[in-house]
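Here are the chains, one letter per residue:
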Amino acid sequence: MNRDSIYHLPEGSKETTFCYDESLPALPLPKLEDTLKRYFESLKPFGTDEELKTSIQIIEKFRMGVGAKLHRMLDEKAQHEKNWVDKWWEDYGYLTLRMPLMPYCVMAQPLIFEAVGLDPVPDNFLKSASICCTINMRFWQLLRREKLRPIVSIDKNIKFSSDLYKRLFNTVRAPGLEMDKVISYFKTEKEGHCPSHILVIYKGRIFKIEGLHEDGEILTPQDFLLCLQQIKHKVDSEDVKDTDLPVLTNDDRTSWARNRNHLLELSENNKKTLMDVESAISIFSLDTNCPNDHSEVAAITLAGDLNSRWADKSCATVCFQNGRMGCLGEHSCYDGTISVSMSLYAMLSVFEDGIPDWSIPPRKLVQPTELVFDIDDEIRAEIIRMKDAADKVQNCVAVTVDQFVGYGKEYMKSKKIHPDSWIQTALVLAYYRLHGSFAPTYETAMMRQYYKGRTETCRSCSVDTVNFIRAMENPQETASAKAKLFRTAANRQMELMSDARKGKGIDRHLFGLWCMAYDQGQPIPELYDDPLYNKSGGGGNFILSTSTLGFTINCGFVAPMVMDGYGCFYSMLTDNVWSILTAYKDSEVTSCHKLRAAFHQVMEDIRNILDAEAETKL
């Protein structure tokens, strides 16, 4: 694995980063009958016979009546739009949500730079940040010049959308009174000028650094280091009032929209300052916390020092005083695959380029510019209110970053079971052992092979999973019988994921039908009020929110979807599995530490039954 083969287009290539986007196939719209059949199957693990009998009546009534009418309208929409769910998903799935973005709506990731030789020590507080500033600029320039490799299958028959990369940098989720709006200032070089500055926030004060020299060359790490040293010295040596305005961005979206509008009304300076903030490439938050390990890095990155975060920005790097680092991504702008791609590029860059020679002087003195808003007593009062609220929100999500070292993807493949299906089935069993019930489980299915494709839901808790778990917990069952049922459950999971990726999922179709009714001013159909709709995960009520992040140590995460749920994110390496598990500290039901222990035990138990099965065949 090297940076060039993954990221850089070779000189003279006819491909460009976004060359396939417009020619990708339209997002399929499944047949209503097929979706409803799959939907009913997904209800079976969660309903009694009586509940399922009621649900099938509701589903049939929906199919024959309002559902058919809504589907016809949706089909008409799909005839004219290559992605019939795209705008609805952005608007109703993300932008109408009113809760604070942190910790509820952002993606986070601990950056494990020590794995590539960049040690988490206090001396690297500003040095590591400087290295990442240059790396950010290089990735931004790759996108500007359209020199980032587009993603294609090995045989190049399947091509994937790069469209979301356009919202990685220079993008903001601007708050609205009722609905937010994603605004991107990013442009490729062919499209025109694009802002080339980054932001640094330290102890509530905001600074702008131009990322390019006058000749268009990117600032070196040595250049950025001098800038950051200037910022740190200035802030630490001055006692300035009226700081910490960034904390307002962590309010509920409607309150922040009101305060943002008020700021804009106060002065022309505020309009210009806000434009500088919102159009910046990305943010670097210099955080005075000193997390001790990857789990603390993850938790504090997600909801730590909210005075040093500008929640609306699409991309942020958090640099801790002891040299550890994390990163944040605003989820409405792009999905986790984009975040992981960027962090892997950063790690490979550090590994391949090595640590800079800090004795080399900066090329040229670059002066950071402080961005100062004009504020009044109303905004001052709001900052005080939000600082108190932020103190209560900090670290409200428990996070454990874990490495299971018993085995990894090679052992799983040796048993002819797909590693992702293996982990998914293990997680549902781990939850069952802790809580005595079956968890409606969401796994991300990537849909970027379609025009402006994002994600679909794979509902991992199937009837086959239930059968395996019941056998696994029955001491009378033989290891061979358990192993056979495990294989059946894992294979079923593969089928469900394959269907979802082919546009034969459940949740986006049902979501689209709901949106159509809502937009038409029609009553929301009875189907969505069926208790089993929510109990099976419908409407975003998945107790286990999961995603595989591939086969590197770059592992991002989000908070659980529901208060008494978990976030479960994992990466499968050759001989181990990295995972990040999350739970809300206010939940009286969940514990990510107990789930981690249960997951470890389940992984060992599954290996035992498969090894026992192999012995019986000898």
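Computed from a predicted structure; not experimentally measured. (Residues numbered from 1 in each chain as written. Predicted model: local features only at pLDDT ≥ 70, side-chain atom pairs only at ≥ 80, totals over all residues. Heavy atoms only, no water.)

## Looking at the overall build of the protein chain
Phase 1 of the analysis: Per the secondary structure count, the protein chain includes 20 helices and 15 strands.
Phase 2 of the analysis: Relative to a compact globule of 618 residues, whose C-alpha radius of gyration would be 25 Å, the protein chain shows 25 Å and is just as compact.
Phase 3 of the analysis: Considering the protein chain as a whole, with its 618 residues, one finds that 59% of them fall into the buried category.
Phase 4 of the analysis: About 25300 Å² of surface is accessible on the protein chain, with carbon and sulfur atoms providing 51% of the total.
Phase 5 of the analysis: Taking the average location of the 73 positive side-chain charges in the protein chain and that of its 86 negative ones, the two points are 4 Å from each other. (Helix = DSSP H or I, 4+ residues; strand = E, 2+ residues; numbered from the N terminus. Rg over C-alpha atoms; globule rule 2.2 N^0.38 Å. Buried < 20%, exposed > 50% of the residue type's maximum accessible area, 1.4 Å probe, protein only. Areas by Shrake-Rupley, 256 points an atom, 1.4 Å probe, with all protein chains shown as cover. Lys, Arg positive; Asp, Glu negative; His and termini not counted. Charge placed at Lys NZ, Arg CZ, Asp CG, Glu CD.)

## Examining the environment of Lys159
Phase 1 of the analysis: Looking at the secondary structure, you find Lys159 in the loop between helix H7 (125–144) and strand S2 (171–174).
Phase 2 of the analysis: With 138 residues separating them in the primary sequence, Lys159 and Asp21 have C-alpha atoms 8.5 Å apart.
Phase 3 of the analysis: A polar contact of 3.0 Å, which involves the side chain of Lys159, links it to the backbone oxygen of Lys156. (Polar contact = N/O pair within 3.5 Å; in protein donor to acceptor, adjacent residues only side chain to side chain.)

## So, the side chain of Ser162
Phase 1 of the analysis: Turning to its location among the elements, Ser162 is positioned in the loop between H7 and S2.
Phase 2 of the analysis: In contact with Ser162, other than residues within four places in its own chain, are Thr17, Phe18, Asp21, Pro150, Ile151 and Arg448. (Contact = heavy atoms within 4.5 Å.)

## What to know about the pattern of salt bridges
Phase 1 of the analysis: Enumeration over the complete set of coordinates arrives at 45 salt bridges.
Phase 2 of the analysis: A salt bridge links Glu51 to Lys535; its shortest N-O distance comes to 4.0 Å. Of this pair, Glu51 sits in helix H3 (residues 49–64) while Lys535 sits in helix H19 (residues 531–535), and the two are 484 residues apart along the sequence.
Phase 3 of the analysis: The partner of Glu114 in a salt bridge is Arg324, with the nearest N and O atoms 3.9 Å apart. A residue pair is termed long-range when its members are at least 10 positions apart, and Glu114 in the loop between strand S1 (106–111) and H7 and Arg324 in the loop between strand S7 (315–320) and strand S8 (325–330) qualify at 210 residues. (Salt bridge = Lys/Arg side-chain N within 4 Å of Asp/Glu carboxyl O.)

## Examining the sheet that holds S1
Phase 1 of the analysis: Spatial strand order, S1-S8-S7-S6-S4-S5-S9: 7 strands in an open sheet with mixed pairing. Unpaired on one side and paired on the other, S1 and strand S9 (369–371) mark the two borders of the sheet. For this sheet, the mean inter-axis angle between neighbouring strands, taken without regard to orientation, is 25°.
Phase 2 of the analysis: Here H7 sits on the sheet in contact with strand S4 (197–202), strand S6 (283–287), S7 and S8, set at roughly 170° to S6. (Pairing = 2+ DSSP bridges. Axes fitted to C-alpha atoms, helices over the stretch in contact; angles between N-to-C directions.)

## Considerations on helix H13 (residues 377–393)
An α-helix turns once per 3.6 residues; consequently, residues spaced three or four apart project the same way.
Phase 1 of the analysis: Relative to the 24 Å expected for 17 residues at 1.5 Å per residue, H13 spans 24 Å between its end C-alpha atoms, a close match to the ideal helical length.
Phase 2 of the analysis: Burial in H13 covers these residues: Ile379, Glu382, Ile383, Met386 and Ala390. Within H13, the buried residues cover an arc of 105° as seen down the axis, which keeps them to one side. Opposite the packed face of H13, turned more than 90 degrees from it, sit the exposed residues Asp377, Ile384, Asp391 and Lys392.
Phase 3 of the analysis: Where the residues of H13 are buried, they touch helix H9 (253–266).
Phase 4 of the analysis: Sitting at the head of H13, Asp376 places a side-chain oxygen 3.2 Å from the backbone nitrogen of Glu378.
Phase 5 of the analysis: With its phi angle positive at about 60°, Asn395 sits one or two positions after the end of H13. (Expected span 1.5 Å × (residues − 1). Arc of directions from axis to C-beta.)

## Digging into the sheet that holds strand S13 (residues 544–548)
Phase 1 of the analysis: Read across the sheet, 6 strands follow the order S10-S15-S14-S13-S11-S12 without closing on themselves; strand pairing throughout is mixed. Since the sheet does not close on itself, it has two edges, and those belong to strand S10 (397–404) and strand S12 (455–459), each with one partner. Looking at each pair of strands side by side, their axes are set apart by 25° on average, direction ignored.
Phase 2 of the analysis: Strand direction decides the pairing type here: strand S14 (residues 566–572) and strand S15 (residues 577–584), joined by 6 bridges, are antiparallel. Note that in S15 the partner of Cys568 across the bridge is Leu581.
Phase 3 of the analysis: Seen against the sheet, helix H15 (residues 419–435) touches strand S11 (441–446), S13, S14 and S15 and runs at an angle of roughly 145° to S14.

## What to know about unusual backbone geometry
Negative phi is the rule for most residues except glycine; trans is the rule for most peptide bonds.
Phase 1 of the analysis: Along the chain, Met102 connects to Pro103 via a cis peptide bond; the corresponding omega equals 10°.
Phase 2 of the analysis: Counting through the fold element by element, Pro103 comes out in helix H6 (residues 101–104).
Phase 3 of the analysis: Located in the positive-phi region is Lys203, a residue other than glycine, with phi close to 50°.
Phase 4 of the analysis: Note that Lys203 resides in the loop between S4 and strand S5 (205–210).

## Details of the pairing of S5
Phase 1 of the analysis: When S4 meets S5, the two strands line up antiparallel, connected through 6 bridges. In the sheet register, Ile201 faces S5, and the bridge partner there is Ile206.
Phase 2 of the analysis: Linkage of S4 to S5, two consecutive antiparallel strands, is achieved through a turn of 2 residues, within which Lys203 is found at a positive phi near 50°.
Phase 3 of the analysis: Two elements, S5 and S9, share 3 bridges in a ladder whose sense is antiparallel.

## Section: the packing of helix H16 (residues 463–472) against helix H17 (residues 479–501)
Phase 1 of the analysis: For the pair H16 and H17, interaxial distance at closest approach is 8 Å and the crossing angle is 155°. As far as their axial angle goes, H17 and H16 are roughly antiparallel. Read as a crossing pair, H16 and H17 show a hand that is left-handed. Counted together, Asp464, Thr465, Asn467, Phe468, Ala471 and Met472 of H16 and Lys482, Leu485, Phe486, Thr488, Ala489 and Arg492 of H17 form the full contact between these two elements.
Phase 2 of the analysis: Looking at the contact of H16 with H17 residue by residue, the class counts come to 6 nonpolar, 3 polar and 3 charged. (Parallel < 35°, antiparallel > 145°, perpendicular 65-115°, else oblique. Left-handed = near helix turned anticlockwise from the far one by under 90°. Nonpolar A, V, L, I, M, F, W, Y, C, P; charged D, E, K, R; others polar.)

## Some thoughts on H17
Phase 1 of the analysis: Under the 1.5 Å per step criterion, the end-to-end length of H17 is 33 Å for 23 residues, consistent within 8% with the ideal 33 Å.
Phase 2 of the analysis: Its buried side turned inward, H17 meets H15, S11, S12, H16 and helix H20 (592–616).
Phase 3 of the analysis: Just downstream of H17 lies Gly503, where phi reads positive at about 85°.

## What to know about the environment of Gly117
Phase 1 of the analysis: Along the chain, the position of Gly117 falls in the loop between S1 and H7.
Phase 2 of the analysis: Spatially, the C-alpha atom of Gly117 lies 33 Å from that of Tyr104, the residues being 13 residues apart in sequence.

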